[in-house]
Amino acid sequence: MTVTYTARVANARFCGFSKLLLAWKGSIYKVLYKEFLAFFAMYTAISITYRFFLHDDQKRYFEKLAIYCNHYASLIPMSFVLGFYVTLVVNRWWSQYTSIPLPDRLMCVLSGGLQGSDERGRLLRRTMMRYASLSALLILRSVSTAVFKRFPTMDHVVEAGFMSRDERKKFEGLHSPYNKYWIPCVWFTNLAAVARCEGRIKDDHTLKLLLEELNGFRGKCSMLFHYDMISVPLVYTQVVTLAVYSFFLVCLIGRQFLDPTQGYPGHDLDLYVPIFTLLQFFFYAGWLKVAEQLINPFGEDDDDFETNWLIDRNFQVSMMAVDEMYGDLPIMERDRYWNDSNPRPPYTAATLFVLRKPSFQGSTFDMAIPKEEMHFQPLEDIAENLEESGSRHPNMALFNRLLNAAPSPTGLMGGALRRTSAQLQRLRHSPSIDRCTSDDEDDDSCKIGKGGSLPSGLGQETQSTVCSFREEKSARTPLLEIEFAAEQERRGGQHENEKKEVIGVEGKSHEEWQMSEEGGNAERQDTQAVSLLPPPPQSSRETSKRPASAIPSASRHPSAFLFHPAAHSSLEHCSSQPAINQNRAVPSTLKPPFGGNKMSFLTVPSCDEPQRFRSVSMGSELTGS
């Protein structure tokens with residue numbers, strides 16, 4: 001019978017388990033006292049023999065043997081082996097309890113699914129529920145000694161009312177060398193099919209639900225049978241038992257109190273009674289006894305499962321649910337909180353303290369956040385920060401890999417590409433960097449972050465690069481601004497002449513530009529195209545070491561990279577596709593880059609807008625599109 005002490009330890013208090021130490025039924029004292037007395041008796045007999053019946057030379061030999069046993073007794077891995085074994089047994093013990101078939105789910109489905117308050121409907125429900133209880137009884141009778149003692153033969157099962165005589169003849173007429181606990185479950189399924197044909201089970205879904213619950217019930221019966229057949233490996237049990245018994249057999253000699261006059265280390269006292277050795281035996285042997293009790297909980301120990309009580313309870317409850325309670329409903333009426341939107345059940349005086357506690361709202365409900373950290377941040381700033389942290393180095397590394405993997409270029413094209421790479425690496429560390437804004441806010445391909453990430457068109461093709469731009473005033477702010485003070489000082493008054501030419505160019509209208517382009521087409525074909533970058537140096541290594549401020553500009557035409565910040569001109573398209581030569585050339589002069597000592601570097605905005613723009617190809621003749 002199971003010993004229940006849950007109510008006695010419901011509340012933790014000072015020495016709460018101390019009252020449990022005095023219990024006898026199911027206690028360690030009741031289980032272990034015989035082994036404990038036998039161990040103490042053997043220890044006492046050996047001690048008396050050593051003290052009073054051995055000669056001096058025999059005592060010296062026994063003392064050496066005791067020291068040897070005490071020294072090597074620690075080599076036995078008792079704690080390790082015993083701890084794993086008891087853990088395995090306890091887990092197996094609880095799994096066996098959860099495998100005991102209970103009819104509660106099955107009886108609820110059967111009571112609601114099989115309709116009919118007449119004699120036939122009542123007979124079907126009671127018979128099907130009795131078959132389920134019979135199946136559980138047959139499996140418990142096979143695994144539990146207590147149930148087998150209660151129902152030793154099939155006659156006892158028939159007399160108990162779980163089986164009729166005709167059913168017993170049918171049961172015994174089915175010859176099988178295996179356990180036949182599953183036969184009543186098959187009878188149950190056949191009756192369910194009959195009830196479906198008669199229309200007492202309304203639809204196939206109800207029949208399916210009923211059979212699923214029966215299969216779960218039968219699966220637990222099968223699991224109990226397999227737990228009974230498949231035990232903990234015998235070698236494991238033998239190893240643990242031998243480890244414990246051999247350890248304490250060695251302790252009978254090794255833990256003896258030796259003569260203090262001999263001066264053996266650790267034997268200065270002679271207490272006669274080995275207190276700590278007895279405690280050690282109590283703990284480890286008691287641990288082994290716990291595993292011995294729990295390895296088969298279907299016996300008759302104090303803490304074994306109450307299988308006979310379970311049979312009585314399950315049979316009575318299931319029969320009441322499918323017969324007496326079928327269709328017997330209480331009269332429905334309004335509850336006392338019918339008009340109350342916030343029902344609060346009353347409390348007694350012993351439970352009023354619960355009302356004083358605040359309702360739990362969550363672990364972060366009272367969390368305090370500084371006021372300055374509670375403001376939402378613009379998504380543009382967040383995207384810029386992400387671009388700075390994640391896109392800066394991968395883009396530059398990708399561009400460098402593409403340049404290194406490309407075929408070795410010759411002439412102006414190779415030098416231009418090398419200078420572009422060197423300039424972009426310098427601009428990447430430039431302190432004067434502004435945000436790039438394009439016509440389309442969602443187009444991230446034209447943005448260069450504060451870290452100087454690569455424009456989208458520069459890492460696509462290494463054979464040619466076409467930079468197209470449009471002459472259209474907008475509200476954009478240039479991304480990069482580079483100081484060219486040293487260059488302006490060196491060129492001296494050359495800016496004044498260029499400024500006058502540019503002012504004249506700005507004054508022309510669109511028609512004048514077109515007429516001047518058509519008229520000067522033949523003349524420009526003989527001239528060399530203005531490239532985006534200065535002429536190639538003698539060596540690419542020397543070019544890569546030149547600072548950004550030392551880049552020379554054309555003597556007669558302003559550089560295509562330079563724009564006035566107030567003019568709001570921007571690079572519209574940057575592509576790696578080869579430029580297409582056309583009959584009409586594009587004037588190489590743009591808006592002059594005069595706004596003090598600062599000049600702006602072109603950005604790469606979106607190219608989706610269908611506007612007229614100009615294209616200049618590096619290393620080729622002037623082209624337009």
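Up top is the structure these notes are about.
Residues numbered from 1 in each chain as written. Predicted model: local features only at pLDDT ≥ 70, side-chain atom pairs only at ≥ 80, totals over all residues. Heavy atoms only, no water.

## Some points on the packing of helix α3 (residues 78-98) against helix α11 (residues 234-254)
The N-to-C vectors of α3 and α11 enclose an angle of 140 degrees; their axes lie 10 Å apart at closest approach. On the basis of their axis angle, the class for α3 and α11 is oblique. In the packing of α3 onto α11, the handedness of the crossing is left-handed. Touching M78, V81, L82, F84, Y85 and L88 of α3 are Y236, T237, V239, V240, A243, V244, F247 and F248, all from α11. Its residues assigned to classes, the contact of α3 with α11 comprises 13 nonpolar, 1 polar and no charged. (Axes fitted to C-alpha atoms, helices over the stretch in contact; angles between N-to-C directions. Helix = DSSP H or I, 4+ residues; strand = E, 2+ residues; numbered from the N terminus. Parallel < 35°, antiparallel > 145°, perpendicular 65-115°, else oblique. Left-handed = near helix turned anticlockwise from the far one by under 90°. Contact = heavy atoms within 4.5 Å. Nonpolar A, V, L, I, M, F, W, Y, C, P; charged D, E, K, R; others polar.)

## Some details on the side chain of D323
Here D323 is to be found in helix α13 (residues 307-324). Within the structure, D323 has its side chain in polar contact with the side chain of R122 (distance 2.7 Å). Not counting the four nearest positions on each side in its chain, D323 is found in contact with R122 and R126. (Polar contact = N/O pair within 3.5 Å; in protein donor to acceptor, adjacent residues only side chain to side chain.)

## Side note on the pattern of salt bridges
Applying the stated criterion across every chain yields a total of 20 salt bridges. Residues D104 and R313 are paired through a salt bridge, measuring 2.9 Å at the closest nitrogen-oxygen approach. Here D104 is found in helix α4 (residues 104-113), whereas its partner R313 is found in helix α13, with 209 residues between them in sequence. On the basis of relative accessible area, D104 is assigned to the partly exposed category, the value being 25%. We note a salt bridge from K208 to E212, for which the minimum N-O separation is 2.4 Å. With a gap of 4 residues between them, K208 and E212 both fall in helix α10 (residues 204-229), about one helical turn apart. One continuous salt-bridge network, built from bridges that share partners, spans D118, R120, E198 and R200. (Salt bridge = Lys/Arg side-chain N within 4 Å of Asp/Glu carboxyl O. Buried < 20%, exposed > 50% of the residue type's maximum accessible area, 1.4 Å probe, protein only.)

## Details of the nonpolar core
Membership of the largest hydrophobic core comes to 47 residues, with the highest contact counts inside it found for L110, M128, L140, V157 and L210. Mapped by element, the contributors of at least two residues to this core are α4, α5 (119-143), α7 (154-159), α9 (183-197), α10 and α13. Among the elements that take part in this core, α5 stands out by supplying 12 residues, more than any other. Apart from residues lying up to four places away in sequence, L140 is in contact with V147, L224, F298, T307 and I311. Judged by nonpolar contacts, the second largest core, of 25 residues, contains L32, Y43, V232 and L278. (Core = buried A, V, L, I, M, F, W, Y, C linked by side-chain atoms within 4.5 Å.)

## A closer look at the packing of aromatic side chains
Per the stated rule, a full pass over the model turns up 22 aromatic pairs. Relative to F315, the ring of F162 lies with its centre 4.6 Å away and its plane at 50 degrees, an arrangement referred to as tilted. Of the two residues, F162 is situated in the loop between α7 and α8 (165-173) and F315 in helix α13; the sequence distance between them amounts to 153 residues. A residue is classified by how much of its surface remains accessible, and F162, at 6% relative accessible area, is buried. The ring centre of F171 lies 4.7 Å from the NZ or CZ of K180, which sits over that ring. (Phe/Tyr/Trp six-rings, centres within 6.5 Å; stacked < 30°, edge-to-face > 60°. Lys NZ or Arg CZ within 6 Å of the ring centre and 35° of its normal.)

## Comments concerning the side chain of S99
Along the chain, S99 falls in the loop between α3 and α4. For S99, the residues in contact, after removing those within four places along its chain, are K220, M223, L224 and Y227.

## So, the packing of α5 against α9
Two packed helices can be described by the angle between their axes and the distance between those axes. Between α5 and α9, the least distance of the axes is 8 Å, while the angle of their chain directions is 160 degrees. On the basis of their axis angle, the class for α5 and α9 is roughly antiparallel. Where α5 crosses over α9, the handedness of that crossing is left-handed. Across the interface between the two elements, R120, L124, T127, M128, M129, Y131, L134, S135 and L138 from α5 touch P184, C185, W187, F188, L191, A192, V194 and A195 from α9. Per-class residue counts for the contact of α5 with α9 are 14 nonpolar, 2 polar and 1 charged.

## Regarding helix α12 (residues 275-294)
Between its first and last C-alpha, α12 extends 29 Å over 20 residues, near the 28 Å set by a 1.5 Å rise per residue. What α12 keeps buried is the set T277, L278, Q280, F281, Y284, A285, G286, L288, K289, A291, Q293 and L294. In the core, the buried residues of α12 are packed alongside α1 (28-52), α3 and α11. (Expected span 1.5 Å × (residues − 1).)

## Notes on unusual backbone geometry
You will see that C15, though not glycine, has its phi angle at about 55 degrees, which is positive. Tracing the backbone through its elements, the reader meets C15 in the segment before α1. Looking at C15, the relative accessible area reads 46%, which means it is partly exposed. One non-glycine residue with positive phi stands out, namely Y272, at about 70 degrees. Relative to the elements of secondary structure, Y272 occurs in the loop between α11 and α12. Since its relative accessible area comes to 52%, Y272 is described here as exposed.

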